[in-house]
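Structural characterization, general
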Amino acid sequence: MYMQTSRQNGHINGASGGPGPSYRHSQGSDSDTERGGGRFFTTPSEPSSGQTNPENGHAGSSELDGRANGSVITVPDPIPIMPYWMSPWRASPGKLKTANAALVLCLNIDVDPPDIVKTNPCAVLECWVDPHTMPSHKALEHQFEGLSPKLSYKPILDPSYEDLRRFCATLRKQAKEDTVLFYYNGHGVPKPTASGELWCFNRNYTQYIPVSLAEVQHWLGTPCVYIWDCSAAGNLLLNFNIYAQRRDSENANAGRSEGSPPFSESIQLAACAASEQLPSCPELPADLFTSCLTSPIDIALRYFVMHNQLPNNVTADMVMQVPGDLKDRRTPLGELNWIFTAITDTIAWTSFSREIFTRLYRSDLLIASLFRNFLLAERIMKNYHCTPHTSPSLPPTNTHPLWAAWDLAVDSCLRQLPELLKHTDTSMLGVAMGSASIRARRQAQALALAPRQDKLGHGEKPYAYIPSRFFADQLTAFEVWISRGGSALTKRGPLSLPIQNGETPDVEYDQAVVGLGSAANTPKKVHHLVPRKPPEQLPIVLQVLLSQPHRLRALVLLSQFVDLGPWAVHLALAIGIFPYISKLLQAGGQDLRPVLIFIWSRILAVDPTCQVDLYSNGGYKYFANILAAHDDPQHLTIPNGSEHKAMCAFVLAAIARDYPHGQNACWREKVFHSCFERLDEGDFLLRQWSALCIGQMWDGNDDIKIFGVDNGTQDKFISLLTDDSPEVRTAVLFALGTFMGASGSADPTKMGGGGTGTMHHLEELAVVTGNASPMVRKELLVLISCLVKEWRGHFVVCAWVWKLGSTSELHEDDVTSQAEIREENRVILSSFFTIFSVLLELSVDPYDEVATNAQTVVDYITALLLESPFTRLESSTLHQPLPPQRTSASARSRRSSLTSSPTSGTRPSDTMTSTISSGVSNTLRRTSSFANALKNLAGGIAFPSIEDGRSSPYPRNQTHTPQLPSVEVPDISRPPSPNLNFAQYASPYSRPPSPQASPTASARSMDFLPSDEDMERLRSRRRTTHGSRGRSAVPHSPADSTSVILGLGTGAGIRDVLPLKSRFFDWCCEYFKEPQMRQAEADEAGSSEYNYQAWRQQRNEQVITETLNQAEIASGRPWDKPVTTMHVHGVPLSIAFHSYDPHVAIANENDIISVWDWSRRRQLTSFCNGNPKKATITSLQIINQDVGGMILASSADGMIRLYRNYDPATSNTDVQMVSAFRGLSEIVSMRRGSGVVVDWKQSGGFLLVGGDSRIIRVWDAHTEAQLLDLETNSDSPVTAIASERGPSSVLLASFADGVIKVFDRRLEEEDAVVRSFNEHTAWVQNVRWHPHVGNQKFLSASMSGEVKLWDIRGSDRAVETWDLFPSGLAAFDVHPEAGVFAGLSALSPSNWRTQRAVVHSVPRLTALSTVNLSTGLTTSPTRGFPSQYIPRSSSLVFHPTEMLYGVGSPDGTVRIHGSKLL
């Protein structure tokens, strides 16, 4: 029946095989025969050379040369480790699950195969028993049960071909789609053939029958795991892959999609290569490979005794009697098994790729055990010149350094073995040694482990086993790795991360982003520093979590590790930490709570998908209970309880985010109650995350929203809008936004839209506009966009009323009568009108992201207005062009809190301009008339047009010039962008609208209002939601049912771009990705930033000491020493010196700020401030100078902007806008104003803002909110502000009418003026405190040329008066340290070619020097000043510390002079 070929020389009655293998005992610990180095086939110098038929050997060699897995001539270096932050940690959807196993043993006892000649003596034991005396298949079954006892193992001994086929088919039928384990022991049959055939028997056991691997594949199907324990097993592995690839190719060509994994993905373990023969050492079992796979501890102990000399005469038989249970880690045997698991896991983790590790070690318990034990088989069998192989192929691990740690653990255990056996019941062990299996011996050892009392002498104590220090030492090594900068960069070498595929070896990684996750391998520049290798002890830490004594320490170290960044969290998840951490949530230990909360917060911040797991296993209850617990101040269960409760709130918010099951689960656990109670806590982080958690819980959940309203949550949130923390204010707005229909989902396509229909607290939202934090204003816009989406009809009416108010002088009654607004709607409409006014104000916000989002909302309302029935009114002018815009003076007469500029022009929005230029101008053409109307209303601030684009401040050369090499020149016509700008303008048109309105719509008459449609749409949605309440708790979005059609079908072309999408929650989550346990880089001693700041502090102190000594001398010396000269574009009207660095910031009459290094006469940078035309920069200061400095600029439109990174020497990025806000919103119309003047009080972090306003507003930089509004009790603008040094609350303010007032911030706002001085009769140019007695006296100077010295303790008359310049004074300043002041003469029709700068001594009452400066003008100035807010054409300012002063001339020249100290 079977083919009788020459291969049947291996039959029982055939010819004998070749000579048997010679055996040589290896004395080395590990063989140098590796898969990764040298040749695979043995050479004549190796003991196993010449073992096979030369023809077969050559055939095998030729076939194996090109193999990519298994036996190869040369194998490349180990697979490089993937970046851990890029590899997925969860098992793939095709996770393996082994269902049953076939144990095929072809032993044919007492009959040797013809091609094997055994040595004498030789290995006899099979499955640790002698097959001549006991059946080995039962023992083998018990051995495999030790790996996975739940599996069904079916041994088949010496099968025939038919039995094998039937047996395999039955296994596949029983396993269905699960994995089948096929074990083949071919010790009693010939070697597998080179063509891939294994052997079995005929029914009479008279012939060896070949079985092709193709048939085995057909019988077993996929998925399968194969173990080949026979000589020349490499032939099976190689040919199996060949057949598998062929079968997969045929299936693919035939279009068969069976749904099962391809055959080429089958897992194989082979005992040796194609040209090798199994060892026959008599001290070892014959099935050495199987013993390593199924009983690794026993074979490892025996191997250790054979290769190492131990004291006390420990023999191989004694090591088989090591007491204990493999599953009990408290016993010697269980501890060894525990250590072995940890070591093999670590070796695999550090040697294999993440994909291979996850597939083999984290998909199935049986497969993981087999491959852990395979590492031991490789180590042992390579010493006997056998190289086990696998598919997929693995790099060699037999020389891994951790094997030394295993040897040490075994040595420490075996040295105690004589004492352990001395007090155990050896009678049972003796019986067990002759039992049928090693399993019976283990059971006997467990029973004999208890010490026998009759063997103990009088007073003798039983021997106590000394546990191994392996885990404690490994935890110490892990701790050292973390504490010694494990996340830092290092040089390329054995401790560095291996070079990735396609990576350049010499690439420096930015230290700031190494811990940031996906950006961690971003190249910065060529350098020798690279990331370190991750710690090798991480898998061992995973095993230590199983031990109660070491658990707390392991968790603490693990928390320190995950605190390093997202890459560390991904690494811990990839190693398999998740199930262990999940089970620990069920532990009741109070000491584990803080560290578990910390670790889980990091896990959810990096991988939010864990929310499903925490919901499924009930882990959310753990955090809900902690959040709800009330701390006893005398018995704190958790240190830093507020911070840990904030982490719990974050975890619960992450569980509820975009997950209805998580929302309802948190609600059932009363998380809403707990978060509501925590809103009054003192820790801002806890208040912030409590609000965010509420926001995520009621996001899209009507039931929870109703509960929140009944609980008064809205009122509580409104009260928190004035919280000291900007993060809390923003979190409250986020929660209110999700309540009103915004989406808190991480999915960018989920925009929300299901509002609540509430109208309460609308006007209270206007208080949020008084925020210096752009973050708060951005979140306010999200909330307003929800209101616009929900009540769009009301906002259309507001826009129309606003339009009417701009085009005609109508009274409110006339407007409302034309709009046919019902009486009951007037109050409601007034609230919406307030919100609409806020929206217009935000559309010209100085922060680009805020302005862009606001413009999106305004354009949405505009588009709806142009599609509304208002366009069909006879008096409608919506589509008509407006008359020319009014002049600046007339515009100023109508300014209100919304007007940001006294001029008609404005800076075009970057987003709008780019949108127009990219082809959307056609869609916006219909809105141009209304856009111009809004511009006319708000002083030109709402809708820029194409014609409003501002040109570069530099003159353009219109003549033809030769083409020069392109040089990247920064565009300074736009202000610097913020550091992170995610805003993107969204047009309300999805397609270009038709030129004319819809005929159907135009035929209708206006017999209704858009606001009526809002109410009808709301009632319709409420009916729909109420009817489906039993089916879904998520409300319907109005876009789902009624679209955005306005006016019964006139808005079909308007795109749903609202509500806006908030990014605040994601931004807050970044907090839990950043390191919290270690100091910041600037505080880390030895870091470059720390050293730089330490150097700055030392340098600053030295500068202060030197300049104080110089100030005493300079008060009596001339100040006419020229230092340097610079030339800037425009007129330098504002100058600010840096106190410690040689930097000076200069602002011209437009909006250009340039920064110079005056010591080198080199311009560092130049950028545009972004204020509207003619709204000049009226104040310029450099703040936070101790640590570097930021530029603070205020302009006449009321805006305050802060910039950093202006020095290229200390920053490799461009200038960035740190923040921007409206410093003054109540601009008063004045015939001659001063714009906005500011003073920065560094000691308290206060910003004093005044100008064309009847108040002086005090801003708190720490809370980013306004602190006070001090009433000036004057109709004149504030011209200068000077706060006293130190913690004093006293400040000075000068006015345009010549009055100087002293304010005390501690008094009531309306009664803050404590003194007034009225001797000046002209505009006061400046007021400054006395340099030596600053809390008692001050100096002031007016445009008339008078300089006065005042004493606040005396009368209202000046102590001293100097008539410095009778023809007029342009600028005045007082040196903060030296007792001198300086004045600059004003230009006049009779004297305009030069100006005089006079430096005068305060104590000596005499002039120290006079310097004549050329103005550079060629003709007499015929027009007024360059800026209508600064009554001068030049500037003068003292250096804060150095004995220098700078003078800016009308021609753009800036001269710096100093004192002649020598």
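Here the structure is a predicted model, which means the values were calculated and not measured.

This next bit is on the packing of aromatic side chains. For the structure on display, the rule yields 55 aromatic pairs. On the numbers, 5.6 Å between centres and 90 degrees between planes, the contact of Tyr-615 with Tyr-659 is edge-to-face. Within this pair, whereas Tyr-615 is found in helix H22 (residues 610–616), its partner Tyr-659 is found in the loop between helix H24 (641–656) and helix H25 (660–668), the two being separated by 44 residues in sequence. Plain terms: the ring middles of Trp-698 and Phe-717 are 6.0 Å apart, the flat faces sit at 85 degrees to each other, and that makes the pair edge-to-face. One end of the pair, Trp-698, is in the loop between helix H27 (684–697) and helix H28 (702–710); the other, Phe-717, is in helix H29 (residues 713–719), and 19 residues separate them in sequence. Classification of Phe-717 as buried rests on a relative accessible area of 0%. Here the aromatic cluster, defined as three or more aromatic residues joined through ring pairs, consists of Phe-289, Trp-349, Phe-352, Phe-357, Tyr-361, Phe-371 and Phe-374. Over the aromatic face of Phe-263 sits the side chain of Arg-247, whose NZ or CZ is 5.2 Å from the ring centroid. When the ring centre of Trp-349 is taken as origin, the NZ or CZ atom of Arg-354, which lies over that ring, is 3.6 Å away.

Okay, the environment of Ala-1382 next. Of note, Ala-1382 is situated in strand S35 (residues 1380–1385). For Ala-1382, a relative accessible area of 1% gives the class buried. Along the chain, Ala-1382 and Thr-1410 lie 28 residues apart, while their C-alpha atoms are 9.6 Å from each other. If near-sequence neighbours (up to four positions away) are discounted, Ala-1382 is found in contact with Ala-1371, Phe-1372, Asp-1373, Val-1398, Val-1399, Leu-1436 and Phe-1438.

A few words now on the environment of Arg-1160. Turning to its location among the elements, Arg-1160 is positioned in the loop between strand S16 (1152–1157) and strand S17 (1162–1168). Judged by relative accessible area, which is 62%, Arg-1160 ranks as exposed. Spatially, the C-alpha atom of Arg-1160 lies 9.8 Å from that of His-1143, the residues being 17 residues apart in sequence.

Now for the pattern of salt bridges. Side-chain pairs of opposite charge can arise whenever the charged atoms involved come near each other. By the definition in use, this model includes 35 salt bridges. The salt bridge involving Asp-1157 is made with Arg-1160; its shortest N-O contact spans 4.0 Å.

Attention shifts here to H27. With 14 residues, H27 extends 20 Å between its outermost C-alpha atoms, agreeing within 8% with the 20 Å of an ideal straight helix rising 1.5 Å per residue. Among the 14 residues of H27, 13 are classified as buried, and the element is accordingly described as predominantly covered. For H27, the N-terminal capping position is held by Asp-683, with its side-chain oxygen 3.1 Å away from the main-chain nitrogen of Leu-685.

Attention shifts here to the packing of helix H31 (residues 774–790) against helix H35 (residues 848–866). Interaxial distance between H31 and H35 falls to 9 Å at its minimum, and their mutual angle equals 10 degrees. Taken together, the axis directions place H31 and H35 in an arrangement best described as roughly parallel. Of the two possible hands of crossing, H31 and H35 adopt the one that is left-handed. Facing Pro-774, Arg-777, Lys-778, Leu-781, Ser-785, Val-788 and Lys-789 of H31, the residues of H35 in contact are Glu-849, Val-850, Asn-853, Ala-854, Val-857, Tyr-860 and Ile-861. For the contact of H31 with H35, the class distribution of residues is eight nonpolar, two polar and four charged.

With that settled, consider the nonpolar core. Counting 284 residues, the largest nonpolar core has Tyr-184, Trp-228 and Phe-561 as the members making the most contacts within it. In terms of residue count, the dominant contributor to this core is H24 (eleven residues).

This next bit is on the sheet that holds strand S31 (residues 1337–1342). With antiparallel pairing, four strands are arranged side by side in an open sheet as S30-S31-S32-S33. Sheet topology places strand S30 (1324–1329) and strand S33 (1360–1363) at the edges, where each strand pairs with a single neighbour. On average, each strand axis in the sheet is inclined to that of its neighbour by 15 degrees, with strand direction left out of account. Both S30 and S31 contribute to a ladder of five bridges, which runs antiparallel. Considered in S31, the bridge of Trp-1329 is made with Phe-1338.

Rules used in this analysis
Residues numbered from 1 in each chain as written. Predicted model: local features only at pLDDT ≥ 70, side-chain atom pairs only at ≥ 80, totals over all residues. Heavy atoms only, no water. Phe/Tyr/Trp six-rings, centres within 6.5 Å; stacked < 30°, edge-to-face > 60°. Helix = DSSP H or I, 4+ residues; strand = E, 2+ residues; numbered from the N terminus. Buried < 20%, exposed > 50% of the residue type's maximum accessible area, 1.4 Å probe, protein only. Lys NZ or Arg CZ within 6 Å of the ring centre and 35° of its normal. Contact = heavy atoms within 4.5 Å. Salt bridge = Lys/Arg side-chain N within 4 Å of Asp/Glu carboxyl O. Expected span 1.5 Å × (residues − 1). Polar contact = N/O pair within 3.5 Å; in protein donor to acceptor, adjacent residues only side chain to side chain. Axes fitted to C-alpha atoms, helices over the stretch in contact; angles between N-to-C directions. Parallel < 35°, antiparallel > 145°, perpendicular 65-115°, else oblique. Left-handed = near helix turned anticlockwise from the far one by under 90°. Nonpolar A, V, L, I, M, F, W, Y, C, P; charged D, E, K, R; others polar. Core = buried A, V, L, I, M, F, W, Y, C linked by side-chain atoms within 4.5 Å. Pairing = 2+ DSSP bridges.

By themselves, these observations are geometric and do not establish any function.
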